[in-house]
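Residue-level structural notes
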Amino acid sequence: QVQLVESGGGLVQAGGSLRLSCAVSGSSFSVNNMGWYRQAPGKQRDEIAGISRSGSTTYADSVKGRFFISGNNDLNTIYLQMNNLKPEDTAVYYCNGKVVLYMGARAREYWGQGIQVTVSS
């Protein structure tokens, strides 16, 4: 049973930094892509950063230059370094992964349980 487990959220003042982690647990063949999404109250869940097995990264305009996604070579663990946090970054952050369970299988999508990040002004 594959699970994505997030850690590192919490409360921080505006201008501060936090680092989120996401670890893939359980048996899998490979992890193709990983990403971070966030959902503020009353809003839809949006992708804010992504990373591929080749190491290429993408960012939403709202976090570009402030947030940085990284991961180990297998993408079994990824991180989101969040700098210069703003009150509008307050949301539940979710880890997302495209995981191949065995050779020849199609990738399946998995979500973490979500972790709260609150930025006070």
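Details of the structure are given in the entry above.
Now for a quick tour of the structure. As the structure is a computational prediction, the values presented were derived from the model and not from experiment. In every chain, residue numbers begin from 1 and rise along the written sequence. The model is predicted, so local features are restricted to residues of pLDDT at least 70 and side-chain atom pairs to those at 80 or more, both for listing and for counting; the totals for chains, interfaces and linings are taken over all residues. Side-chain metrics rest on all non-hydrogen atoms present in the structure, leaving aside hydrogens and water.

1. Some details on the overall build of the protein chain
Convention followed: Starting at the N terminus, helices and strands are each numbered in turn, a helix being any DSSP run of H or I of at least four residues and a strand any DSSP run of E of at least two. Any residue under 20% of the maximum accessible area for its type is buried, any over 50% is exposed, and the rest in between are partly exposed; the area is computed with a 1.4 Å probe on protein chains only.
Secondary structure assignment for the protein chain yields 0 helices and 11 strands. Helices and strands in the protein chain line up, N terminus first, as β-β-β-β-β-β-β-β-β-β-β. Expressed along its principal axes, the backbone C-alpha trace of the protein chain runs to roughly 50 × 25 × 20 Å. Across the 121 residues in the protein chain, those meeting the buried criterion constitute 40%.

2. A closer look at the state of the cysteines
Stated precisely, the cut-off is as follows: We call a pair of cysteine sulfur atoms a disulfide whenever their separation is within 2.5 Å.
According to the stated counting rule, one finds 1 disulfide in the structure shown. Covalent S-S linkage joins cysteine 22 and cysteine 95, the inter-sulfur distance amounting to 2.0 Å. As the torsion about the S-S bond is roughly -80°, the cysteine 22-cysteine 95 disulfide counts as left-handed. Here cysteine 22 is found in strand 3 (residues 18-25), whereas its partner cysteine 95 is found in strand 9 (residues 91-100), with 73 residues between them in sequence.

3. Some words on the environment of valine 63
The following threshold applies: The contact criterion used throughout is that any non-hydrogen atoms of two residues lie within 4.5 Å.
Mapped onto the elements of the fold, valine 63 is located in the loop between strand 6 (57-59) and strand 7 (67-71). Through-space distance from the C-alpha of valine 63 to that of alanine 49 is 8.3 Å; in sequence the pair is 14 residues apart. Residues contacting valine 63, with those up to four places away along its chain left out, are Arg38 and Ile48.

4. Some thoughts on the side chain of serine 30
Structurally, serine 30 can be placed in strand 4 (residues 30-39). On the basis of relative accessibility, which here comes to 15%, the residue serine 30 falls in the buried class. In this structure serine 30 touches Arg53, Lys98, Val99 and Val100, once residues within four positions along its chain are discounted.

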